[in-house]
Structures are given as structure tokens and as C-alpha cells.
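An overview of the molecular structure
One letter stands for each residue in the lines below.
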Amino acid sequence: MNVLAVCLGNICRSPLAEGILAAKAKEADLDWYVDSAGTSGYHDGEKADRRSIEIAKERGLDIDDQRSRKFVVADFDQFDLILVMDSSNYQNVMKLARNDDDREKVEILLNYSFPGENRAVPDPYYEGGFGGVYDLIDAACDQVLEVYRLEQ
Ligand code: 4NP
């Protein structure tokens, strides 16, 4: 299964989601390909925000090699599941969807922890709070694993 995590800049939240989900899939012995992207190209080619790199490191994850890239329409072809961090990411990705197949791949990440609530992973770029963001993503990724592990 191929999973793409998406946020706005692809430097704070989705790099954490990529790192966390890839580590959990590996631990569960699942052959998943996990990547991340941003709906903006603001930080194309840049490393993750140093605060994301640091919190990941504190929790035992190395996301130093990740580089930001923009979400592209072809991602709908490569990925089976597209996990967005907030409703603005959701709208931006849905605008690019070409058909129902594309649209059905897009899910708000925290709906795995809080079904039907459309809660956002808060954007920590200006406000900070990277520890809380990490915990929210981590708990939701556990649920993602639970749901799709059974479908393998
Ligand atoms: P992210 O956070 O979407 O979680 O990567 C942001 C990073 C950069 C900006 C906004 C959000 N920015 O405006 O540059």
C-alpha cells in the first residue's frame, strides 16, 4: 500500500506523519511505501522544519533526509491513501481530484482518532506546539495501521 501525508508546506506536520507512519508500518512488517507532500510549493526542496526534526529525534525518529515537495495530480495515481492534516489541505487536494476514484483516496488524518469530527492537526509553523502535534499524529497513525493492516 502507498500512503501520502499532505499538509500546506510539507515541512512541519506531514514530514512527521511520513516518518511516524513509515516507522509503524515497518515495525508491523508491512510493505508500505510512505511519502509526504505540501499543497503549496513554498518550501520546495527544503528539509523539514528544524523543530519537526528535533521532536522526531527526541521520539527516536530520523526525518533528516526528507525534502519538501509540492503535491501533484499524478500523486492520485501513485497513492492508495492520501492523509491530509486539515480541512484547508482537504479542499486544496480535492480541487485537483479528477474523478470519484481520486476523491475516495483523500481522508482527514484525525478522523482515524476522532471519527467524523474533521479535526485539524494544528499548524505549528507560527504557533509552535510540536510535541502536541507529534502526539496527535502518532495516535492517529496507530489507528490508520489498525484499519489497513486487516485489509492486506
Ligand atoms: P506545514 O506548516 O503545513 O505543517 O508544513 C507550514 C509550513 C510553512 C508555512 C505554513 C505552514 N508557510 O506559510 O510557509
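What counts and how
Residues numbered from 1 in each chain as written. Predicted model: local features only at pLDDT ≥ 70, side-chain atom pairs only at ≥ 80, totals over all residues. Heavy atoms only, no water. pLDDT = per-residue confidence, 0-100. Helix = DSSP H or I, 4+ residues; strand = E, 2+ residues; numbered from the N terminus. Pairing = 2+ DSSP bridges. Axes fitted to C-alpha atoms, helices over the stretch in contact; angles between N-to-C directions. Near = heavy atom within 4 Å. Polar contact = N/O pair within 3.5 Å; in protein donor to acceptor, adjacent residues only side chain to side chain. Areas by Shrake-Rupley, 256 points an atom, 1.4 Å probe, with all protein chains shown as cover. Nonpolar A, V, L, I, M, F, W, Y, C, P; charged D, E, K, R; others polar. Core = buried A, V, L, I, M, F, W, Y, C linked by side-chain atoms within 4.5 Å. Buried < 20%, exposed > 50% of the residue type's maximum accessible area, 1.4 Å probe, protein only. Contact = heavy atoms within 4.5 Å. Parallel < 35°, antiparallel > 145°, perpendicular 65-115°, else oblique. Left-handed = near helix turned anticlockwise from the far one by under 90°.

Brief notes about the confidence of the model for the protein
When pLDDT is averaged along the protein, the result is 97, and 99% of the positions lie at 70 or above. Averaged pLDDT values over the elements of the protein bottom out at 96 in helix α6 (residues 124–127) and peak at 99 in strand β3 (residues 81–84).

Examining the sheet that holds strand β2 (residues 33–38)
Strand order in the open sheet formed by four strands is β2-β1-β3-β4, and the pairing between neighbours is parallel. Edge strands, defined here as strands with exactly one partner in the open sheet, are β2 and β4 (106–108). On average, each strand axis in the sheet is inclined to that of its neighbour by 25°, with strand direction left out of account. Of the pairings in the sheet, the one linking strand β1 (residues 2–7) to β3 comprises four bridges and is parallel in character. Among the inter-strand pairings, Leu-4 is bridged to a residue of β3, identified as Ile-82.

Brief notes about the site of the ligand
As a structural note, the neighbourhood of the ligand is formed by Cys-7, Leu-8, Gly-9, Asn-10, Ile-11, Cys-12, Arg-13, Tyr-42, His-43, Asp-123, Tyr-125 and Tyr-126. Gly-9 has a polar backbone atom sitting 2.8 Å from an oxygen atom of the ligand. Within the contact set of the ligand, an oxygen atom lies 3.2 Å away from a side-chain nitrogen or oxygen of Asp-123. For the ligand, whose accessible area on its own is 350 Å², the fraction buried by protein is 92%. Taken together, the residues of the shell around the ligand sort by class into seven nonpolar, three polar and two charged.

Observations regarding the nonpolar core
In this structure, Leu-16, Leu-21, Trp-32, Leu-83, Leu-109, Ile-137 and Val-144 are the most contacted members of the largest nonpolar core, which totals 35 residues. Broken down by secondary-structure element, the contributors of at least two residues to this core are β1, α1 (13–27), α2 (50–58), β3 and α7 (130–149). The element that contributes the greatest number of residues to this core is α7, accounting for nine residues. When neighbours within four sequence positions are excluded, Ile-137 is seen to be in contact with Arg-13, Leu-16, Ala-17, Ile-20, Leu-109 and Val-121. By size, the runner-up hydrophobic cluster in this structure holds 13 residues, among which are Phe-76, Val-93, Ala-97 and Ile-108.

Observations regarding the packing of α1 against α7
Here α1 crosses α7 at 40°, and the two axes come no closer than 9 Å. Classified by the angle their axes make, α1 and α7 are oblique. The way α1 lies across α7 gives a crossing that is right-handed. Residues Arg-13, Leu-16, Ala-17, Ile-20, Leu-21, Lys-24 and Ala-25 of α1 form the contact with α7, whose participating residues are Val-133, Tyr-134, Ile-137, Asp-138, Cys-141, Asp-142, Val-144 and Leu-145. When its residues are assigned to classes, the contact of α1 with α7 shows 11 nonpolar, no polar and four charged.

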